[in-house]
Amino acid sequence: MSKNISKDVLNVVNKKSGKNISENAVKKLASTVKPSTMQNETQLRQLIKQVSAMANVPVSEDTIQDIVSAVKKSGMSPQNMESLMKLMMKK
């Protein structure tokens, strides 16, 4: 993912959440994610909850299930992640 997309995503998240999440906090969390995380439902759920807690934005169980399903269906390659981020930025 390009640096511009990463910074744009962080800016959108901060703006929409009303929070100020630092780039370092995101990098620290991202460093714990492995490719296998995206295919392991338990690990993926834990990651979603960590991101939710970091942004201090509650995520319902239905939304978590929707995210898990979308991630598993897409395979979440770096290209798919960038597409997903661009889609999320438009909302």
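These numbers come from a predicted model, not from an experiment.

Thresholds applied
Residues numbered from 1 in each chain as written. Predicted model: local features only at pLDDT ≥ 70, side-chain atom pairs only at ≥ 80, totals over all residues. Heavy atoms only, no water. Helix = DSSP H or I, 4+ residues; strand = E, 2+ residues; numbered from the N terminus. Buried < 20%, exposed > 50% of the residue type's maximum accessible area, 1.4 Å probe, protein only. Contact = heavy atoms within 4.5 Å. Areas by Shrake-Rupley, 256 points an atom, 1.4 Å probe, with all protein chains shown as cover. Axes fitted to C-alpha atoms, helices over the stretch in contact; angles between N-to-C directions. Parallel < 35°, antiparallel > 145°, perpendicular 65-115°, else oblique. Left-handed = near helix turned anticlockwise from the far one by under 90°. Nonpolar A, V, L, I, M, F, W, Y, C, P; charged D, E, K, R; others polar. Salt bridge = Lys/Arg side-chain N within 4 Å of Asp/Glu carboxyl O.

**Student:** Please set out the overall build of the protein chain residue by residue, giving values where relevant.
**Tutor:** Regarding its fold elements, the protein chain presents five helices and zero strands. Reading the helices (α) and strands (β) of the protein chain from amino to carboxyl end gives α-α-α-α-α. Every one of the 91 residues in the protein chain was classed for burial, and the buried ones make up 22%. Within the protein chain, residue pairs in contact and separated by at least 24 positions form 51% of the contacts whose partners lie at least 6 positions apart. Just so you have it, the protein chain exposes about 6,600 Å², and 56% of that area is on carbon and sulfur atoms.

**Student:** An account of the packing of helix 3 (residues 41-55) against helix 4 (residues 61-74) is requested, with residue identities and associated values reported.
**Tutor:** Between two packed helices, the angle of one axis relative to the other and the distance separating the axes together describe the packing. At their nearest, the axes of helix 3 and helix 4 sit 10 Å apart, and the two run at 125° to each other. When the interaxial angle is binned, helix 3 and helix 4 end up oblique. Pair helix 3 / helix 4 crosses with right-handed handedness. Mapping the contact onto sequence places E41, L44, R45, I48 and K49 in helix 3 and E61, I64, Q65, I67, V68, V71 and K72 in helix 4. Of the residues assigned to the contact of helix 3 with helix 4, the class counts are six nonpolar, one polar and five charged.

**Student:** Please set out the environment of I64 residue by residue, giving values where relevant.
**Tutor:** Here I64 is to be found in helix 4. For I64 and R45, which are 19 residues apart along the polypeptide, the C-alpha to C-alpha distance reads 6.8 Å. When sequence neighbours within four positions are dropped, the list of residues in contact with I64 reads R45, I48, K49 and V59.

**Student:** Run through the pattern of salt bridges, naming residues and quoting values.
**Tutor:** Applying the stated rule across the entire model yields two salt bridges. With a shortest N-O distance of 3.1 Å, R45 and E41 are connected by a salt bridge. Remark: E41 and R45 occur in helix 3; sequence separation between them is four residues, near one turn of the helix. What makes E41 partly exposed here is its relative accessible area of 31%. Across the pair E61 and R45 runs a salt bridge, and its minimum N-O distance is 2.4 Å. Highlighted residues: E61 in helix 4 and R45 in helix 3, separated in sequence by 16 residues. For E61, a relative accessible area of 44% corresponds to the partly exposed category. The exposure class assigned to R45 is buried, which follows from its relative accessible area of 16%. Through salt bridges with shared partners, a single ionic network connects E41, R45 and E61.

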